[in-house]
Amino acid sequence: MTISYNWLSEYLPEKVEPEKLSKILTSIGLEVESLERYEELKGGLQGLVIGEVLQCSKHPDADKLSVTSVNTGDQVLQIVCGAPNVAAGQKVVVAMIGATIYPVNGEPITMKKAKIRGVESFGMICAADEIGLGNDHAGILVLPADAKVGMAAAEYFKPYNDYTFEIGLTPNRMDAMSHIGVAKDVCAWLSHHNKKETHIKSPFKNTFKADQQSLQMEVTIENNLACQRYAGVSLQGVIIAESPVWLQQRLKSIGLRPINNIVDITNFILHETGQPLHAFDADKITGKKIIVKNLPDGTPFVTLDEKERKLSGEDLMICNATAPMCIGGVYGGLDSGVTMGTKNIFLESAWFNPLTIRKTSLKLGMRTDAATRFEKGVDISNTVNVLKRAAALIKEIAGGEIASDIVDVYPSPKAKTEVALKYHYLKKLSGKNYHGDTIKNILTGLGFEIIKEGMDDLRVAVPFSKPDISLPADIVEEIMRIDGFDNVDIPSAITISPAVDTLGAAAAFKEKIASSLAAVGFNEIFTNSITNSAYYSEEVLQTTVKMINSLSAGLNIMRPEMMETGLETVAYNCNRRNTDLQLFEFGKTYRTTGVGNYEEQQHLSIYITGKKHADGWKLKAGKADFYFAKGIFEKIAAAMGLKISSYTEGAEAKTEHSVRAIVRNEVVCTIGSIRKAVLERFDIKQPVLYIDINWDKLLEFAALVKIRFTEIPKFPAATRDLSMVVDKELGYEAIEKVTYGTRINKLQSVNLFDVFESEKLGAGKKSMAVSFTFLDEEKTMTDKEIDAMMAKIISSYEKELNAEIRK
């Protein structure tokens, strides 16, 4: 969930710096996965200044170019401009040399001194779309005459800047699925740690008043279990238009696209309070009746996305006197929604049963923001307060009048959940002695009501905003997270019972390989094993383990392959200009062959893109290539004591130029370059090498390796080089196979060190140079012995490879 720092700060009684706020949020259980600066205009117009065009003349060598002299306050620059509307006397935006501009459509451009058709240019006069201020590219952006020359463009335009927190919410924390919910937790932390009572700055004002009663609606709830409370209010004479700038900025900062003032207000309220709202065109509500009920199985209904859906008898519908208008808590209907021609609206605020909403949402595949909140449970006590706040905002922003009192149908008001907590139980679970006053202060700060207090216990009423709390252990968690889990003392001595670790060898190999990869510059990543089915083909999905109750439409299967989740991390880094990556991940893939038949397989996946290492003063790094990736795998195999039997080329669906590594007659690894079509799905614009290792197989084979110790040889090794002409299609693997096939015991290693191609060698021929290392552990070898072994190797090459030995 995304939280805006500026927006959140509106509800805090004191300013807390973003970095400190990030630590507070993480400490209270709202883990901040990222804190990033948000800029409404990318780059924030840095390096751009207001200038004045002093002179403008035609370019001597180009009809469509002009040569201008531009005063930027402290200097006059000569700038070649191609805009047809440039003229002397204009106030303009100038990108100075060194500044980077971010066009609406296109890549960032850094200004450099240039010579255009023979005339030097020292910057650029900008059009609106070239600096993100609009889509107009008909000419340069001309500012009012009173714009001050030399003023920074950022100071003149004052672009909106913010920070955003990406919070990894656990499913039970619906109370924190809004800015006010997060602010309440922060205030509870500040109260406890600053020893000063702190409350949020509430946006709710008790000033609601109907202007008239001309647009009354009658509300009936037929299914009281699925809808336990339904409230609404009518407004008439509203004007549908763009939202004010402040509202658009708030929504954009958390990644929402502004639509119109009514829709934007409902989205704003949703992210402010956590309560979903829905706006109907009141003129389309037949009979001025709202009926909350279920419809027969198979009833057709056209939703806002213009798709006809078949309803089930369990789907809760919001209907008028004659027809359905909305899938309650999930999605609106095409014929009742707000359009640019809407004048009168009916605003809905309700409490729908989480189970009902989740079933409908999953069945229809509609994972909307509203459904996500309803299915976790919204605050039933806040339904009317939120409605009043939204009505006041609509009246302020869209005009019109409140045309009815609040209609609030609440047949069976809910009682608050009560939980008893004994202090000794708190100490047992937390490991810490809390003073009674501390416990009460923390709980009241979080909205709990103290019902009864004893010598060693207390009974509290749980706020409706925390429907997940029902046990004493839940209360302990609330106290500990506000106090801080780091504040629990660790005992000086811990008693444990020793146990036999049956997985010790596997863990040791994993640690060994992970440490080795980290030592040569790789970073370990951990990605979600639940992923998006849209990444995979129908063929792959046939054996995929599907999530019955997925958290979102984008996380609905257990991953059948490792590649895609890793590419999400690669794309995330590349989008932030971290393009030289060497990443590895230990993880599992999952498949099924039928109900109850599930398989897991462990993998070690490696992703390599960009340079092999950072540039140095002496050595410039080259781009990582296939052979670099192959070398990484061979080092991993060697570290586990495994010898690679051979490599075979094979066509892979998602990689090209691929080879498979064979150990003990089984494929243990695939190495290749990920296909461009796959990379494009993740918006990755540079090649990515991929190594997929069957970690289960490697562990199985490594367990068969017997460790032997041998004395370090006392006698020197001898080396010989050999150059030969062979067929152009011959691979080094064939040479290696023939070499070891000679069964020369004293041959320690063979290595290819040069490949040369030339027409002089003959058509279809190439030269390959190989070095050999020989060692006798009992004596120093003579030239005669070495020559005899080389002769055997040469003979094998000539017979089996049709090689011509170069003298």
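Above this text is the structure in question.
Presented here is a report on the structure given in the accompanying data block. Predicted model, so just to flag it, every value in this text is computed and none were measured.

So, about the sheet that holds strand S20 (residues 316-319). Whether parallel or antiparallel, the strands of a sheet pair through hydrogen bonds between backbone atoms. Read across the open sheet, the 5 strands follow the order S14-S17-S20-S21-S22; overall the sheet is mixed. This sheet does not close on itself; its edge strands, each paired only once, are strand S14 (218-221) and strand S22 (331-332). Pairing of S20 with strand S21 (residues 324-327), which is carried by 3 bridges, proceeds in the antiparallel orientation. Paired with Cys319 across the strands is Pro324, a residue of S21.

Counting residues in hydrophobic clusters, the biggest one holds 72 residues, and the most contacted among them are Leu21, Leu25, Ile394, Ile475 and Ile479. Grouped together as the second largest cluster of nonpolar side chains are 38 residues, Val219, Leu316, Cys326 and Val330 included.

Here the structure, examined in full by the defined rule, presents 45 salt bridges. With a closest N to O distance of 2.9 Å, Arg367 and Glu375 form a salt bridge. Here Arg367 and Glu375 have matching classes, each one buried. Lys685 is the partner of Asp683 in a salt bridge, and the nearest nitrogen-oxygen pair spans 2.9 Å. Residue Asp683 is classed as partly exposed on the basis of its relative accessible area, which comes to 45%. Salt bridges sharing partners connect three or more residues here, namely Arg173, Asp175, Asp185, Lys466, Glu478 and Arg481.

On to the packing of aromatic side chains. In the structure shown here, the tally under the stated rule is 16 aromatic pairs. Ring geometry for Tyr535 versus Phe682: centroids 5.0 Å apart, planes at 40°, classification tilted. With Tyr535 in the loop between strand S30 (530-531) and helix H14 (538-541) and Phe682 in the loop between helix H17 (676-681) and strand S37 (689-694), this pair connects stretches of sequence that are 147 residues apart. Take Tyr535 and Phe682: they sit in the same class, and that class is buried. With a centroid separation of 6.5 Å and 35° between ring planes, the pair formed by Phe772 and Tyr797 is classed as tilted. Here Phe772 is found in strand S40 (residues 765-774), whereas its partner Tyr797 is found in helix H20 (residues 783-800), with 25 residues between them in sequence. Each of the two residues, Phe772 as well as Tyr797, counts as buried. Here the aromatic cluster, defined as three or more aromatic residues joined through ring pairs, consists of Tyr5, Tyr163 and Phe165. Sitting over the ring of Tyr163, Arg37 keeps its end group 5.5 Å from the ring centre.

A cluster of nonpolar side chains, contributed by Val302, Leu304 and Leu334, occupies part of the molecular surface with about 200 Å² of accessible area. With respect to the helices and strands, Leu304 occurs in the loop between strand S18 (300-302) and strand S19 (308-310).

With that settled, the discussion passes to helix H4 (residues 179-194). The first and last C-alpha atoms of H4 sit 22 Å apart over 16 residues, in line with the 22 Å expected at 1.5 Å per residue. The buried fraction of H4 is high, at 13 of 16 residues. Phi turns positive one or two residues past the end of H4, at Lys195, with a value near 55°.

Turning to the packing of H4 against helix H12 (residues 472-483), a few remarks are in order. The N-to-C vectors of H4 and H12 enclose an angle of 70°; their axes lie 9 Å apart at closest approach. Overall, the two elements H4 and H12 adopt an arrangement that is roughly perpendicular. Considering how the two elements wind past one another, H4 and H12 form a crossing that is right-handed. Residues Asp185, Ala188, Trp189, His192 and His193 of H4 lie in contact with H12, whose contacting residues are Arg481, Ile482 and Asp483. Across the contact of H4 with H12, the residue classes tally to 3 nonpolar, 2 polar and 3 charged.

Time to look at the pairing of strand S38 (residues 718-727). When S38 meets S40, the two strands line up antiparallel, connected through 10 bridges. Bridge pairing links Asp727 to Lys765 in S40. With 3 bridges connecting them, S38 and strand S41 (residues 804-806) associate as antiparallel partners. In the strand pairing of S41, Val725 is matched with Glu804.

So, about the state of the cysteines. One covalent bond between the sulfur atoms of two cysteine residues makes up a disulfide. A complete count under the given rule lists 0 disulfides for this structure. No disulfide involves Cys81; its sulfur sits 7.4 Å from the nearest other cysteine sulfur, which is in Cys56. As a non-bridged cysteine, Cys227 has Cys326 as the owner of its nearest cysteine sulfur, 11 Å distant.

The interhelical angle for the contact between helix H10 (residues 423-430) and H12, taken along N-to-C directions, is 65°, at an axis separation of 10 Å. In terms of orientation, H10 and H12 fall into the roughly perpendicular class. Seen along the crossing, H10 lies across H12 with a hand that is right-handed. Residue-level contacts link Tyr425, Leu426, Leu429 and Ser430 of H10 to Pro472, Ala473, Val476, Ile479 and Met480 of H12. Residue classes in the contact of H10 with H12 are distributed as 8 nonpolar, 1 polar and no charged.

If you walk across this open sheet you meet the 3 strands as S1-S13-S2, and the pairing is antiparallel. Two strands bound the open sheet, and with one partner strand each, they are strand S1 (2-4) and strand S2 (31-39). Ignoring strand direction, the axes of neighbouring strands in this sheet form an average angle of 25°. With 8 bridges connecting them, S2 and strand S13 (residues 161-168) associate as antiparallel partners. In the strand pairing of S13, Ser34 is matched with Glu166.

About the thresholds
- Position labels on residues start from 1 in each chain and follow its written sequence.
- Only residues with pLDDT of 70 or above have their local features reported here, since the model is predicted, and side-chain atom pairs are shown and tallied only from 80 upward, although totals for entire chains, interfaces and linings are computed over all residues.
- No hydrogens and no water enter the side-chain calculation; it runs on all heavy atoms of the structure.
- Pairing between strands is defined by DSSP: at least two bridges between them are needed.
- Only DSSP runs of H or I covering at least 4 residues are called helices, and only runs of E covering at least 2 are called strands; the numbering of each starts at the N terminus.
- Residues belong to one nonpolar core when they are buried, are Ala, Val, Leu, Ile, Met, Phe, Trp, Tyr or Cys, and are joined through side-chain atoms within 4.5 Å.
- Residue exposure (1.4 Å probe, protein chains only): buried if accessible area is under 20% of the type maximum, exposed if over 50%, otherwise partly exposed.
- Each salt bridge in this description consists of a side-chain nitrogen of Lys or Arg and a carboxyl oxygen of Asp or Glu lying within 4 Å of one another.
- Only Phe, Tyr and Trp rings are paired, with Trp represented by its six-membered ring, and only when their centres lie within 6.5 Å; those with planes under 30 degrees apart are stacked, over 60 edge-to-face, the remainder tilted.
- Charges are assigned to positions over rings by a cutoff of 6 Å between ring centre and Lys NZ or Arg CZ, combined with an angular limit of 35 degrees from the ring normal.
- To count toward a patch, a residue needs a relative accessible area above 30% and no salt bridge. Like charges then connect within 9 Å, nonpolar side chains (Val, Leu, Ile, Met, Phe, Trp, Tyr) within 5 Å.
- The accessible surface values rely on the Shrake-Rupley method and a 1.4 Å probe; as for residues, cover is taken only from the protein chains in view.
- Residue count minus one, scaled by 1.5 Å, sets the expected span of a helix.
- Only the stretch in contact is used when fitting a helix axis, every axis being a line fitted to C-alpha atoms; angles between N-to-C directions are given from 0 to 180 degrees.
- The scheme is simple: roughly parallel for angles under 35 degrees, roughly antiparallel for over 145, roughly perpendicular for 65 to 115, oblique for anything else.
- A clockwise turn of the near helix away from the far one marks a right-handed crossing, whereas an anticlockwise turn of less than a right angle marks a left-handed crossing.
- Should any heavy atoms of two residues lie within 4.5 Å, those residues are counted as being in contact.
- Under the grouping applied here, Gly and all other residues not named as nonpolar or charged are polar, the nonpolar ones being Ala, Val, Leu, Ile, Met, Phe, Trp, Tyr, Cys and Pro and the charged ones Asp, Glu, Lys and Arg.
- Any pair of cysteine sulfurs within 2.5 Å is marked as a disulfide.

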